[in-house]
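Results of the structural survey
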Amino acid sequence: VEAHPSPSERDWPASIHRAFSQAGVRLVSYVPDAGHKRLIHLCQADETIRTIPLTTEEEGIGLAMGAWLGGEKSALLLQSSGVGNLINVLGGAQECRFPLVMIATMRGEYGEFNPWQVPMGRATPAVLKEMGVVVERVAEPAAVGPGVEAAFRLAYKSYAAVAVLISQSLIGIKSFQEQMDR
Amino acid sequence: MTTPILHRREVVATLLEDRGDLLVVAGLGSAAWDCTAAGDHALTFPLWGAMGQAAMMGLGLALARPGSRVLVLTGDGEALMGMGALATIGVQAPGNLTVVVLDNGRYGETGMQESHTAFGVDLARVALACGFPCAEVVTCPEELPPLRNAIHTRPGPNLAVVKVIPERLPLILPPRDGALLKARFRRALLGPEADTQ
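Overview of the structure.

Cut-offs and rules
- Residues take numbers from 1 onward in each chain, read along the sequence in its written order.
- For this description, chains carry letters from A and ligands carry numbers from 1, given in the order in which they are written.
- Since the coordinates come from a predicted model, pLDDT governs what is reported: local features require at least 70, and pairs of side-chain atoms require 80 or more to be given and counted, while whole-chain, interface and lining totals use all residues.
- Excluded from the side-chain calculations are hydrogens and water; all other atoms, namely the structure's heavy atoms, are used.
- Numbering goes from the N terminus for both helices and strands, where a helix is a DSSP run of H or I of at least four residues and a strand is a run of E of at least two.
- All radius of gyration figures rest on C-alpha atoms, and the globule criterion is 2.2 Å times the number of residues raised to 0.38.
- The contact criterion used is simple: two residues touch if any of their non-hydrogen atoms lie within 4.5 Å.
- For accessible areas, the Shrake-Rupley method is used with a probe of radius 1.4 Å. Any residue's cover is judged against the shown protein chains and nothing else.
- Defined in terms of a 1.4 Å probe, buried area is the accessible area two parts forfeit on being brought together, summed over both.
- Each salt bridge in this description consists of a side-chain nitrogen of Lys or Arg and a carboxyl oxygen of Asp or Glu lying within 4 Å of one another.
- Two N or O atoms form a polar contact when they lie within 3.5 Å of each other; inside protein one atom must be a possible hydrogen donor and the other a possible acceptor, and for residues adjacent in sequence the pair counts only when both atoms belong to side chains.
- Relative accessible area decides the class of each residue, using a 1.4 Å probe on protein chains only: under 20% of the type maximum gives buried, over 50% gives exposed, and in between gives partly exposed.
- Strands are labelled as partners when DSSP assigns at least two bridges between them.
- All axes are obtained by fitting lines to C-alpha atoms, using only the stretch in contact for helices, and the reported angles, taken between N-to-C directions, cover 0 to 180 degrees.
- Each Phe, Tyr or Trp ring (for Trp, its six-membered ring) is paired with any other whose centre lies within 6.5 Å, and the angle between the two planes then decides the class: stacked below 30 degrees, edge-to-face above 60, tilted in between.
- Look at NZ for Lys and CZ for Arg. If either is within 6 Å of the ring centre and within 35 degrees of the ring normal, a charge sits over the ring.
- Buriedness of a pocket was judged along seven lines, with at least five required to meet protein on both sides within 12 Å; pockets are open sets of points on a 1 Å grid over the protein atoms alone, cavities are sets where a 1.4 Å probe fits but cannot get out, and lining residues have an atom within 4 Å of a point.
- Grid points are joined across faces, edges and corners, and a volume is the space filled by probe spheres set on the points.
- Should an angle fall under 35 degrees it is taken as roughly parallel, and over 145 as roughly antiparallel, whereas 65 to 115 is taken as roughly perpendicular and any remaining angle as oblique.
- Definitions for this section: a left-handed crossing has its near helix turned counterclockwise from the far helix by less than a right angle. A right-handed crossing has that turn clockwise.
- With strands facing away from the observer, any crossover in which the path from the first strand over the helix to the second runs clockwise is taken as right-handed.

Remarks on the overall build of chain A
A count of helical and extended segments in chain A gives ten helices and six strands. Relative to a compact globule of 182 residues, whose C-alpha radius of gyration would be 16 Å, chain A shows 15 Å and is just as compact. Across its three principal directions, the C-alpha atoms of chain A cover 40 × 35 × 30 Å. Within chain A, counting contacts between residues at least 6 apart in sequence, those at least 24 apart form 75% of the total. Split by element, the accessible area of chain A, about 7,700 Å² in all, is 53% carbon and sulfur.

Remarks on the interface of chain B and chain A
Every contact between the two is made by 29 residues of chain B and, on the other side, 27 residues of chain A. Carbon and sulfur atoms make up 61% of the area that chain B and chain A hide from each other, which totals about 2,300 Å². In this structure, the connection of chain B to chain A is made through zero salt bridges. Inspection of the chain B/chain A interface yields nine residue pairs in polar contact (both at pLDDT 80 or more).

Focus on the pattern of salt bridges
Residues and elements named next belong to chain B. One pass over the full model with this rule turns up nine salt bridges over all chains. For Arg 8, the salt bridge identified is with Asp 34, shortest N-O distance 2.6 Å. Residue Arg 8 is found in helix 1 (residues 8-15), and its partner Asp 34 is found in helix 2 (residues 30-37); the two are separated by 26 residues along the sequence. Judged by its relative accessible area of 1%, Asp 34 is buried. Of the charged contacts, one joins Arg 184 and Asp 40 as a salt bridge, the two residues approaching to 2.7 Å between their closest N and O atoms. Of this pair, Arg 184 sits in helix 8 (residues 178-190) while Asp 40 sits in the loop between helix 2 and strand 2 (44-46), and the two are 144 residues apart along the sequence. A relative accessible area of 19% places Arg 184 in the buried class. One connected set of salt bridges, linked through shared partners, spans Arg 8, Arg 9 and Asp 34.

Section: the sheet that holds strand 4 (residues 100-105) of chain A
All names here are of chain A. In spatial order, the strands read 2-1-3-4-6-5; together these six strands make up an open sheet with parallel pairing. The sheet is open, and its two borders are formed by strand 2 (50-53) and strand 5 (134-138), each paired with just one other strand. Sheet twist, expressed as the mean angle between neighbouring strand axes with direction ignored, is 20°.

Focus: the sheet that holds strand 3 (residues 70-75) of chain B
All names here are of chain B. What the six strands build is an open sheet, ordered 2-1-3-4-8-7; its pairing is parallel. Single-partner strands in this sheet number two, and they are strand 2 and strand 7 (134-138). Adjacent strand axes in the sheet meet at a mean angle of 15°, parallel and antiparallel pairs treated alike.

Here's the deal with the environment of B:Gly111
Here B:Gly111 shows up in the loop between strand 5 (106-107) and strand 6 (113-114). C-alpha separation for the pair B:Gly111 and B:Asn149, spaced 38 residues apart in sequence, amounts to 34 Å.

Describing helix 2 of chain B
All names here are of chain B. Of all eight residues in helix 2, seven are buried; the element is thus mostly enclosed. The set of residues buried in helix 2 consists of Ser 30, Ala 31, Ala 32, Trp 33, Asp 34, Cys 35 and Thr 36. Against helix 1, strand 1 (23-26), strand 2, strand 3 and strand 4 (97-103) lie the buried residues of helix 2.

What to know about the packing of aromatic side chains
Applying the stated criterion across every chain, the model contains five aromatic pairs over all chains. Between A:Trp68 and A:Tyr156, the aromatic rings sit 5.1 Å apart at their centres with planes inclined by 65°, giving edge-to-face as the arrangement. Remark: A:Tyr156 occurs in helix 8 (residues 141-158) and A:Trp68 occurs in helix 4 (residues 58-69); sequence separation between them is 88 residues. Each member of the pair A:Trp68 and A:Tyr156 is classed as buried. Among the aromatic side chains, those forming a connected cluster through ring pairs are A:Phe20, A:Trp68, A:Phe152 and A:Tyr156. If you follow A:Lys73 out to its NZ or CZ, it ends over the ring of A:Tyr156, 5.5 Å from the centre. Taking NZ or CZ as reference, B:Arg186 lies 3.8 Å from the ring centre of A:Trp68, over its face.

With respect to the layout of surface pockets
All names here are of chain B. Space inside the largest pocket adds up to approximately 250 Å³. Along the walls of the largest pocket sit 17 residues, with Leu 28, Gly 29, Tyr 107, Gly 108 and Glu 109 positioned nearest its centre. Residue assignment for the lining of the largest pocket shows that the elements contributing at least two residues are helix 2, helix 4 (76-81) and strand 5. Ranked by the residues each element gives to the lining of the largest pocket, the list is headed by helix 4, at three residues.

Remarks on the packing of helix 2 (residues 12-23) of chain A against helix 8 of chain A
Residues and elements named next belong to chain A. Relative to each other, helix 2 and helix 8 sit at 20°, their axes nearing to 8 Å. As summarised for this structure, helix 2 and helix 8 are arranged roughly parallel, according to the angle between their axes. In this structure, the crossing between helix 2 and helix 8 has a hand that is right-handed. Across the interface between the two elements, Trp 12, Ser 15, Ile 16, Ala 19, Phe 20, Gln 22 and Ala 23 from helix 2 touch Pro 141, Val 144, Gly 145, Val 148, Glu 149 and Phe 152 from helix 8.

Notes on the pairing of strand 5 of chain A
All names here are of chain A. Relative to strand 6 (residues 161-166), strand 5 runs parallel, the two sharing five bridges. Residue Val 135 lies in a different strand from strand 6, and its bridge partner there is Ala 163. Tracing the backbone out of strand 5, into helix 8 and back to the parallel element strand 6 gives a crossover that is right-handed.

Take a look at the structure:
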C-alpha cells in the first residue's frame, strides 16, 4: 500500500483506459456514473474504442456476449446500483462461460450522502458472488490499473465473469453539489 | 386489428432460406424452437434465458463483425422486455443488423397470456422513433421473400414485426448446453483458432 501515490497513479481512470488498450478492448458500454466520467471521456476520445451508451445495465451483458461470439473484447462500466439490474442475465453469461469484465464504481458505502444508494451498495458484492462473478475490490489508486489488467486476464483467459469494484473512497463524492461539479 | 394468417414456422423457414453465412441470434422460447425447426445450425445462437437480451446480443455481434449480416429472430414478449435495446441500437445504427419480431401477441411458453402488442403496442413504430431507417409490419406471405432479401442486403438497422398466428406447436429444441452453443458458434465463425483465443 502506497501512502503517497504519484500523480499518474492517482489518475486511476487513465490506468483503466491503459488496461483496456493493453487487453485489446474494442467495445466499451456504459450507464454513466459520476465516478466514471473521466474514463468515459478517455474511451470516447480513443479511436480504437467504440463507446456504447445503454438504457439499462443488462444491455451491456447482452452486448458483451454478442461481441465475444464475434471475437471482440468489451467492458461494461456501471455504478453499483446498476448491479441489481444485471442479476438474471448474469445467469446466461455463467451458463455459457462468456468472459465478462465489469467496472463498477461503488456508491452507498464510504461517506455516502444518499440513503437510497445504501441498500444496493451494501448488497453489491454478495449479489455478484451469488451469481458466480469473481469480485475484486480496489480502494487504492495504484491498485486500480493492475486490478483491471488482472480482471481481463481472468475473464478472457479463464472464461470468467469478473467485476472490479472501485471503492467510493477513490471517487470521493460526498454531496449532491460535488456530484454536480464533476 | 386483422387476424394474422402467417404460420411462424413457415415464416422462419422462408427467412432462413439459403442463409449463407448469416449470423442468427434466436430469442428464448418459440423463436428458438422455430429456428431449430428450420435446421439446427452452428451460426445460430439460440437463447434459453437472458430474456430481453436477444437484440443486444445481435448488436454486439453486428459491431464485432461489421462485414457479416446479423439477424435477431425473437418474439414479442422477449422484445418488449428489452425495448430499451431498440434505443441503444438506434444510436449505434449498425447497417448490418436486422431484428425480426415474430409477433403473436402472446407469451407462448407460459400459457398464451396476451402481451402488450395484443393491445396495440407497435414495436415497428418504436423502432422508427428510435432512429431505425426501416421498420415495417409484415402480414402477408408475399412480403416474406423481400424481407429475406432485406436481411441480407438492406442497410440497417432494420426491424420487421411479422404478425403470426398464436398457435401451439411441437417443441423442436436446440442443444441446451450454453458453453457448447457458444463454442460451436465461435468455431464456425472464427475458425479453430477461436478455441484458443
